[in-house]
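Summary of the model geometry
The primary structure of each chain is shown beneath.
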Amino acid sequence: MEKKVILLVEDDAEIRVMIKTVLERKYNVLEASGYSEGMKQLKKQLKKQIDLALIDYKLPNGNGLDLLKSIRKVKPDIPVIIITGFGNKSLVVDALRAGVTDFIEKPLSLKYLMKKITGILDGKEIDEQPDIIKNKDEFIMDCIATYISENYKEDLKCEKIVGMTNINRSKFSKVFKKRFGQSLVSYINLIRIKNAAELLRNPDLSITEIASHVGYESITHFERVFRKVNGASPKEYRRDKK
């Protein structure tokens, strides 16, 4: 089935890259850093598909409300979410008059954002409060955690993951540990071992196959990490769960 298309307009490069990285697992993402780029993307897609627009209110060369109005003129039916740190009543009224579908306030909760997008595209009402996110760094770390959970089978190099954020290694380590209570390497291992523990319930899979499936090239390394997390070897764990 063809992926749905999301137009993402966000001037903060770090936030835009993180949102795009997470969304691309499920959607095709058209990105723009400001009003002018957003209009260019819109014009390119006039005869093509856009299923949802996710737009920051504060943009270079204009604002999200101006872009919303332009979208409504050419694609009146697509849902539009405005992201804003300016939650004043006049903006809300103006956006509602222009046909906004929903608002999400900064700092963003990734979990809430994804639920909102899925709910709108599936025609379902999402009636819940967003998680409390204190700042941009927490949002970026949540995006990284989501990326890890979806890509744990791959060769996840720490340098690559840190490089995705444009945060230096020292600061990344501090912020990640503050957010999740452990290092990046420990977090990756935990996600892999949790999935391995589930796979061990399947007697048709060998321990070597499971190790490879969750991202470990070395069976010795896998067994060592598994024991550290679960207090038992994979073989002992499988036996005890029978």
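The shown structure was predicted, so the numbers you read here are calculated from the model rather than taken from an experiment. (Residues numbered from 1 in each chain as written. Predicted model: local features only at pLDDT ≥ 70, side-chain atom pairs only at ≥ 80, totals over all residues. Heavy atoms only, no water.)

1. What to know about the overall build of the chain
The test is simple: In this description a helix means any DSSP run of H or I spanning at least four residues, a strand means any run of E spanning at least two, and both kinds are numbered starting from the N terminus. Note on exposure labels: buried denotes an accessible area under 20% of the residue type's maximum, exposed denotes more than 50%, and partly exposed covers the range between, all computed with a 1.4 Å probe on protein chains only. Each accessible area is a Shrake-Rupley estimate made with a 1.4 Å probe; only the visible protein chains count as cover when residues are assessed.
A tally of regular secondary structure across the chain gives 12 helices and seven strands. With the principal axes as the frame, the chain shows a C-alpha extent of 65 × 40 × 30 Å. Going through the 242 residues of the chain one by one, you find that 47% of them count as buried. Surface accessibility of the chain: about 13,400 Å² in total, with carbon and sulfur atoms responsible for 48%.

2. Observations concerning the sheet that holds strand 7 (residues 102-105)
The criterion, for reference: In this scheme, strands are said to pair when DSSP sees at least two bridges between them. For every element, the axis is a line fit to its C-alpha atoms; helices are fit only across the contacting stretch, and the angle between N-to-C directions ranges from 0 to 180 degrees. Residues are treated as being in contact if the distance between any of their heavy atoms lies within 4.5 Å.
In spatial order, the strands read 2-1-3-6-7; together these five strands make up an open sheet with parallel pairing. Of all strands in the sheet, those bounded by a partner on one side alone are strand 2 (28-32) and strand 7. Recorded for the sheet is a direction-independent mean angle of 20° between the axes of neighbouring strands. Bridge count between strand 1 (residues 5-9) and strand 2: five bridges; the pairing is parallel. Its bridge partner being in strand 2, Val9 is matched across the sheet by Ala32. Sitting on the sheet, helix 2 (residues 35-44) touches strand 1 and strand 2, and the angle it makes with strand 2 is about 140°.

3. A word on the packing of aromatic side chains
The line we're drawing: A pair of aromatic rings is counted whenever rings of Phe, Tyr or Trp (Trp by its six-membered ring) have centres within 6.5 Å, and the orientation is called stacked for planes under 30 degrees apart, edge-to-face for over 60 and tilted otherwise. Only when the NZ atom of a Lys or the CZ atom of an Arg is both within 6 Å of the ring centre and within 35 degrees of the ring normal do we say a charge sits over the ring.
The full count for this structure, using the stated rule, is seven aromatic pairs. When the ring of Phe180 is compared with that of Tyr187, the centres are 5.0 Å apart and the planes differ by 45°; the resulting orientation is tilted. Among the aromatic residues, ring-to-ring pairing joins Phe172, Phe176, Phe180 and Tyr187 into one connected group. Over the aromatic face of Tyr216 sits the side chain of Arg192, whose NZ or CZ is 5.4 Å from the ring centroid.

4. Thoughts on helix 11 (residues 219-230)
Short version of the rule: Multiplying 1.5 Å by the residue count of a helix minus one yields the expected span of that helix. Our arc is simply the arc of the directions from the helix axis toward the C-beta atoms. Identification of polar contacts relies on pairs of N or O atoms within 3.5 Å, with a donor-acceptor requirement for protein atoms, meaning one able to donate a hydrogen and the other able to accept it, and with residues adjacent in sequence counted only if both atoms are side-chain atoms.
With 12 residues, helix 11 should reach 16 Å at 1.5 Å per residue; the first-to-last C-alpha distance of 16 Å fits that figure. Along helix 11, the residues that are buried comprise Phe222, Val225 and Phe226. Taken down its axis, helix 11 places every buried residue within 105° of arc, on the same side. The outward face of helix 11, more than 90 degrees from its buried face, is lined by the exposed residues Thr220, Arg224 and Lys228. Where the residues of helix 11 are buried, they touch helix 9 (184-199), helix 10 (207-213) and helix 12 (234-240). A distance of 3.3 Å separates the backbone nitrogen of Thr220 from a side-chain oxygen at the start of helix 11, and that oxygen is part of Ser218. Looking one or two places after helix 11, you find Gly231, whose phi comes out positive at around 70°.

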